[in-house]
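# Descriptive analysis of the structure
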Amino acid sequence: MIRRLLLALAAPFAVLFAVGPVVDPLARRLTRAPRRLPEEGGMAVALDTLGGEVVRLRSRDGVRLTGRWLDAEPAPAAEATGAAWTPDPREAILLLHGYSGSAVPDLVELGPFLRRTANVLGLDFRGHGGSDDGPTTFGLLEVEDVAGALAWLGERGIARVALVGSSMGGVTAIAAVGVLGDGRLPAADRDPDAPTSDVEAPRPRIVAVVGDSVTPELAIVVGRRMRMPFGRIVASRAFGRMARLVGGDPRSVEPRAMVGLLEDVPLLLVHGGADRTLPIRHARRLVASAPPGTRHLVIDGADHGGSHGAEPARYEATVTSLLREAFAMARSSG
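Residues numbered from 1 in each chain as written. Predicted model: local features only at pLDDT ≥ 70, side-chain atom pairs only at ≥ 80, totals over all residues. Heavy atoms only, no water.

## Regarding the overall build of the protein
Within the protein, the regular secondary structure consists of twelve helices and eight strands. By the burial criterion, 51% of the 334 residues in the protein qualify as buried. Partitioning the intrachain contacts of the protein with sequence separation of at least 6 by distance along the chain shows that 78% fall at a separation of at least 24. Element-wise, carbon and sulfur atoms account for 56% of the exposed surface of the protein, whose accessible area totals about 15,200 Å². (Helix = DSSP H or I, 4+ residues; strand = E, 2+ residues; numbered from the N terminus. Buried < 20%, exposed > 50% of the residue type's maximum accessible area, 1.4 Å probe, protein only. Contact = heavy atoms within 4.5 Å. Areas by Shrake-Rupley, 256 points an atom, 1.4 Å probe, with all protein chains shown as cover.)

This is the structure in structure tokens:
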């Protein structure tokens, strides 16, 4: 009995010593996400039907990025979301994808209904899709990509922007508001260490954030994907090693540390009730840390990132309602 107890107490330490040699390779592998998902090869027809324009822009730190721009389309006068809505050409939704792949799957799935509210820019993060190489950092450097996209939008007359992100994209959306500010205080939001340009682009205001399948802590989702004992501990150690590879710790901008900063920015968090990567108990922890008034949509039976596919009508109505309320409020406030 005593021997068994001692073995049980020693097990975590044994695991840590055993996995030590895998931490460095895991850290390096996490920074190299696959550029495209296998299913993207079969989306050419859907993408052509969607239309839009391929655009090129630069992140705030100079990485060349690719995106696809979709012009807004007037919504049907009697759609399920309520009163008729007229898109404003000065408004846009910045669509941010998850770890691995490009913006294409999200554009194909979500673009048709999002563009009935505003213009849509689907952005390929660094190291993804058609963008230039760069390490994947789970929001740390991806915030620089968002900053570049906001500058690109501002140069084209966009004054109000909503961020819609799934998984890592949602993590980045929340971090972007915390790091960059929401655009209402230009002097405070400016990063003194950011590269300067000859012409300062007008900065759009971030009016809302929608985060789908967003984890409070990065080690949770990575640890569960590993499917090994003490995976969360191993993942946390890997993020610590990543800090040496990329010059900063991605955990410094994870949602549990940043979500409280979205005090005046309407926030909708969406989670699948059957999410095997991010169990709903952890999703509820993030909601509990969020500012008062945060909305939470739980889609029963949906796995990680699968909420729209599980209940498209409910998903679209809830997201559309929040986005239009936020844009309308921003319009009225000038």
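## As for the packing of helix H3 (residues 104-114) against helix H12 (residues 312-333)
Viewed as axis vectors pointing N to C, H3 and H12 meet at an angle of 55°, and their least axial separation amounts to 11 Å. As summarised for this structure, H3 and H12 are arranged oblique, according to the angle between their axes. Pair H3 / H12 crosses with right-handed handedness. Side by side, H3 and H12 meet where Leu110, Phe113 and Leu114 of the first sit next to Tyr315, Glu316, Val319, Thr320 and Leu323 of the second. Class assignment for the residues of the contact of H3 with H12 results in six nonpolar, one polar and one charged. (Axes fitted to C-alpha atoms, helices over the stretch in contact; angles between N-to-C directions. Parallel < 35°, antiparallel > 145°, perpendicular 65-115°, else oblique. Left-handed = near helix turned anticlockwise from the far one by under 90°. Nonpolar A, V, L, I, M, F, W, Y, C, P; charged D, E, K, R; others polar.)

## Concerning unusual backbone geometry
The phi torsion at Phe138 lies on the positive side, around 60°, for a residue other than glycine. If you trace the backbone, Phe138 turns up in the loop between strand E4 (119-123) and helix H4 (142-155).

## Digging into the nonpolar core
Core analysis: the largest hydrophobic core is formed by 59 residues, its most contacted members being Leu94, Leu121, Leu163 and Val209. Per-element tally for this core: the top contributor is helix H5 (residues 168-180), with eight residues. Counting 32 residues, the second-largest nonpolar core is a separate cluster that includes Leu110, Val270, Val319 and Leu322. (Core = buried A, V, L, I, M, F, W, Y, C linked by side-chain atoms within 4.5 Å.)

## Structural notes on the sheet that holds strand E2 (residues 64-70)
In any sheet, the strands associate via hydrogen bonds between backbone groups, in a parallel or an antiparallel arrangement. Ordered by their spatial adjacency, eight strands build an open sheet running E1-E2-E4-E3-E5-E6-E7-E8, and the pairing between neighbours is mixed. With partners counted over all chains shown, the strands left at the sheet margins are strand E1 (53-58) and strand E8 (295-299), one partner each. Across the sheet, the mean angle separating the axes of adjacent strands is 20° when strand polarity is ignored. As paired elements, strand E3 (residues 91-96) and E4 share five bridges and run parallel to each other. From the neighbouring strand, Leu94 faces E4, where its bridge partner is Leu121. The sheet contacts of H12 involve E3, strand E5 (160-166), strand E6 (205-212), strand E7 (267-272) and E8, and relative to E6 the element is tilted by about 165°. (Pairing = 2+ DSSP bridges.)

## Some remarks on the pattern of salt bridges
Scanning the model with the defined rule gives 22 salt bridges in all. Between Arg251 and Asp249 there is a salt bridge, with its nearest N and O atoms 2.7 Å apart. You can call Arg251 partly exposed: its relative accessible area is 26%. Put simply, Asp88, Arg90, Glu91, Arg160 and Arg331 are held in one network by salt bridges that share partners. (Salt bridge = Lys/Arg side-chain N within 4 Å of Asp/Glu carboxyl O.)

## Points about the environment of Leu70
By secondary structure assignment, the location of Leu70 is in strand E2. Spatially, the C-alpha atoms of Leu70 and Ile93 are 9.7 Å apart, while their sequence positions differ by 23 residues. Those residues in contact with Leu70 that sit more than four places away from it in its chain are Leu50, Gly51, Gly52, Leu107, Gly111, Arg115, Asn119 and Val120.

## Digging into the packing of aromatic side chains
Enumeration over the complete set of coordinates arrives at four aromatic pairs. When the centroid spacing of 6.4 Å and the interplanar angle of 90° are considered together, the rings of Phe113 and Tyr315 count as edge-to-face. Taken together, the positions of Phe113 in helix H3 and Tyr315 in helix H12 put the pair 202 residues apart, joining distant regions of the chain. Among the residues examined, Phe113 registers a relative accessible area of 4% and is labelled buried. Through a chain of ring-to-ring contacts, the aromatic side chains of Tyr99, Phe138 and Phe239 assemble into a single cluster. (Phe/Tyr/Trp six-rings, centres within 6.5 Å; stacked < 30°, edge-to-face > 60°.)

## Brief notes about the pairing of E7
Among the six residues that make up E7, six are buried, leaving the element largely enclosed by the rest of the structure. Here E7 shows no split at all, with Leu267, Leu269 and His271 on one side and Leu268, Val270 and Gly272 on the other all buried. Pairing of E6 with E7 involves four bridges; the strand directions are parallel. Paired with Val209 across the two strands is Leu267, which belongs to E7. As for the winding sense of the linkage, the β-α-β connection from E7 through helix H10 (residues 280-289) to E8 is right-handed. (Right-handed = clockwise from strand over helix to strand, strands pointing away.)

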